[in-house]
Amino acid sequence: MSKTILNLKDLTIKFGGVTALNSVNLELKEGEILALIGPNGAGKTTVFNLITGVYKPTSGNVFLGDLAIDGKKRHHITKLGIARTFQNIRLFGDMTTLENVITGTDVRNKVGLIGSMFGTPRSRREEKASIAKAYEILKFIGIDEYADRLAKNLPYGVQRRLEIARALGTEPKILLLDEPAAGFNPQEKVDLAAIIKKIRDAGYTILLIEHDMSLIMGISDRVVVLDFGQKIADDLPSVVQNDPQVIAAYLGVPADAS
Amino acid sequence: MINLRDKGAEFWERSNRPVRVLTVFAIMAVVAALPYAGNTFLQTPVAAFDAVLVYPMGMFILMALGLNVVVGKSGMLDLGYVAFFAVGAYTMAILGTRTGLNTWEIMPIGIAAAMFAGVLLAIPTLRLRGDYLAIVTLGFGEIVRVSALNTEAIGGALGIAGVPFPPGLGFEYQLLDQKYFYWTILVMILLVIWVIRRLTVRRPGRAWESIRQDEDAAELMGVSTYKYKIWAFVFGAAIGGGAGVFYASRSMVIAPDNFTLNTSILILACVVFGGMGNIWGVIVGATILGYLPDRFRFLSDARLLLFGLVLVVFMNLRPEGILPRKKREKAIVKKGSGASL
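Conventions and cut-offs
- Residues numbered from 1 in each chain as written.
- Chains lettered and ligands numbered in written order.
- Predicted model: local features only at pLDDT ≥ 70, side-chain atom pairs only at ≥ 80, totals over all residues.
- Heavy atoms only, no water.
- Pairing = 2+ DSSP bridges.
- Helix = DSSP H or I, 4+ residues; strand = E, 2+ residues; numbered from the N terminus.
- Axes fitted to C-alpha atoms, helices over the stretch in contact; angles between N-to-C directions.
- Core = buried A, V, L, I, M, F, W, Y, C linked by side-chain atoms within 4.5 Å.
- Buried < 20%, exposed > 50% of the residue type's maximum accessible area, 1.4 Å probe, protein only.
- Salt bridge = Lys/Arg side-chain N within 4 Å of Asp/Glu carboxyl O.
- Contact = heavy atoms within 4.5 Å.
- Buried area = accessible area lost by both parts, 1.4 Å probe.

**Q** Would you mind going over the sheet that holds strand β7 (residues 174-178) of chain A in detail, with residue names and values included?
**A** All names here are of chain A. Judged by pairing direction, the sheet is mixed, and its six strands sit side by side in the order β6-β7-β8-β3-β9-β10 without closing on themselves. Two strands lie at the open edges of the sheet, namely β6 (82-84) and β10 (230-235), each paired on one side alone. Averaged over all neighbouring strand pairs, the angle between strand axes comes to 20 degrees, with direction disregarded. Of the strand pairs in this sheet, strand β3 (residues 33-37) and strand β8 (residues 205-209) are connected by four bridges, and their pairing is parallel. Among the inter-strand pairings, A35 is bridged to a residue of β8, identified as L208.

Here it is in C-alpha cells:
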C-alpha cells in the first residue's frame, strides 16, 4: 500500500467556456479503495472519462505508473490495465451474461480474424481459456447461475454486478466503478460492499464513485471530494466526514455563517 | 406468432448427432435437386427455372450473407454493397477477355480487388456512424457505377461482352442447362456459411456484436472497434467480389446497368426481410425475394406492385424479419467445452 499506481497531475478540462475540472491532482495507491465523492456535476464521471481516454485533458497528464496515458486510444488504455463500469448500465443486451464477460477477456487474446477463421490451435486454446476465465469471474462475483441468460433480461442488481464482472474480464490493474450501488436497496448495498472488498483483496486497486456515505465509510481507505471541478478534500473517511468545507459543499452554507 | 427460429433451434438442440447429420443431408439433397423441379408449380413463367436458381436466387443469397456481416452483425448500414459486386464482376470481365486466365484463377484476384476497394472505402468512412455512413456508402456505390459508365476502356455504357464461362471440372458449364452453375454457387454458399459461423462464435463475432450493440462501451472494454469495423467491411466485400466474379462469368455480358443502387437496396431488403444478423433468416429472405418477382412475371407490370405489397405486409407482421436473431436464453458457447464449431 505504498506505490502510486495512477497519478493525475494538474488535470484540467474545459468544455467551451465551462471548466469541468480545474487542476485536479490525485494519486491512487496500489491495493487501495479510493472513493471519489462530490455533489452532482462536481466532475466525478469526467475524471473517469479522462482516465479511460474518452476525453483528452485540456492540460495536465494521467500517469499509469510512469507512462502518460492521456491521448492514448480507449481500447489501448483498457489493454494497459484500466477497466470501468458505467453509471447508466451499458451491457451488451443481446449477448448472454457469459458472452459479455468473454468479450471483456478478449482484450488479452492475441488471435485475429484469420486465426479465428481457420481455427488455429492458438485460437482454440484462447477461446477455451476465455470461457473458463469468464466462468471463474462470474462465480467470483456470484452471478454464475445467470450465465446463459441474455443480459437485457437480467434483474437490475445482476446487471450492475455483471458490469463489474465484464470489467474484471479485461484483467485490469485498476478498476473504476461509477456508482455501482445506484438504485440498490440496503441489503444489496451490503452485499456489494462485500464484493468490492473481495475484489480488492484479490489484488485489484479500486477507484469508486458513490453517493452512499455509509457504503463509502464502510469500505474506502481514502476519500477524495470534488466540488465544481476542484479537489476540496483528500483524507481518511472519518476526517473527510467532519470537514466543514465538505459539509458546506453538500449541504450549502447557512446565510448567517459568514 | 410462432417463432420459427426458436422452433428450429430447439429441434437442433434436442437432436443427437446422427439425427443432425441426417437432417443436414436431407435438406442438402432437396436443395441440390431443385434444378429438376422445373416442371412443377415452382416453374417460373418467363425465365428458365434453373437460370432463376442461379440468378437472382443464388447470387442474392451469397451477397445477402456478405452484407449481413456488415449490416446485421456489426450494425453498419451499407447502401453501396453492389460496388463490391461490380468490382468483382469487372475484374472477371477484364481479365477474362484480355488474358488467358480462367474463372477459377481470376476468382482470388477478383476477391482481392473487392477487398482492396473495401479497405479504400472503410478507412476514411468508418469514423462515421449510422445515417452518415449510409449516405457515404450510397455515394461510393454510385461512384463505382458512374466511373464504369464513363470509362471507354472498359466498354462504357455497353459494358464488356464475351466473358468466358468457367472451365468445366469434369463437366461442361452450359447456357441452356444451368444446373452446374447452380451447384457451384451452392458450394460457394456453403463455404461462406461455414466461415461466417466460425467467425460468429469466436472473437471476431463477439467484437462485431459488441460494436453493433454499444460501440463506445465496446471500445472501453478493449475492443479495437476501428479494426474490427474495417474487417467486417473487407470480409463483406470479399464475398460480394467473389459473387461478382462468378456472376460475370455466367452472364457473359456485364454492363454498368447491372450494378445500380436498386441492387444494393434489394440485397439490403433480403437481409432485413429475412432477419438481420441471422444467417438462416437471411438465406430465407434472399430466396423469397429472389424468387417471387420471377414467379409472378405473368402479372407483368403489376408484379412489382405485388412484390412491394408482400414486403409491406410481411414487415408489418414480422418487423424483425422472418427468422429473427437469437432471442432464446442460451449461450452460443457451452460450459467449458469450447466453441460449438
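From this point, things continue past the structure.
**Q** Which residues make up the environment of A302 of chain B, and what values go with them?
**A** When you line up the elements, A302 of chain B lands in helix α13 (residues 302-317). For the pair A302 of chain B and G141 of chain B, spaced 161 residues apart in the sequence, the C-alpha separation amounts to 28 Å.

**Q** Tell me what's going on with the nonpolar core, and back it up with residues and numbers.
**A** Among the nonpolar cores identified, the biggest contains 101 residues, and L65, F84 and F259 of chain B are the most heavily contacted of them. No other element matches helix α3 (residues 49-73) of chain B, which puts 16 residues into this core. Grouped together as the second largest cluster of nonpolar side chains are 37 residues, Y135, V158, F184 and I196 of chain A included.

**Q** Give me the pattern of salt bridges: which residues, what numbers.
**A** Counted under the stated rule, the structure contains 25 salt bridges over all chains. Here K29 of chain A makes a salt bridge to E27 of chain A, at a shortest N to O gap of 3.0 Å. Look at E27 of chain A and you get partly exposed, because its relative accessible area is 34%. Measuring nitrogen to oxygen at the nearest pair gives 2.9 Å for the salt bridge that ties E142 of chain B to R145 of chain B. Residue E142 of chain B and its partner R145 of chain B are both found in helix α6 (residues 130-150); the two are separated by three residues, about one turn of the helix. Ionic contacts of the salt-bridge type, sharing partners, join the residues R74 and R90 of chain A together with R129, D214, E215, D216 and K229 of chain B into one network.

**Q** Talk me through the interface of chain A and chain B; I want residue IDs and the actual numbers.
**A** Taken together, the contact between chain A and chain B spans 42 residues of the former and 41 residues of the latter. Between chain A and chain B, roughly 3,800 Å² of surface is buried when both sides are summed, and carbon and sulfur atoms account for 59% of that area. Joining chain A to chain B, the criterion identifies six salt bridges. The partner of R74 of chain A in a salt bridge is D216 of chain B, and the shortest N-O contact between them spans 3.3 Å. Elements supplying a minimum of two residues to the side of chain A that touches chain B: α2 (74-80), α3 (97-105), α4 (113-118), α5 (121-141) and α6 (156-169) of chain A. With six residues, α5 of chain A is the single largest residue contributor to the side of chain A that touches chain B.

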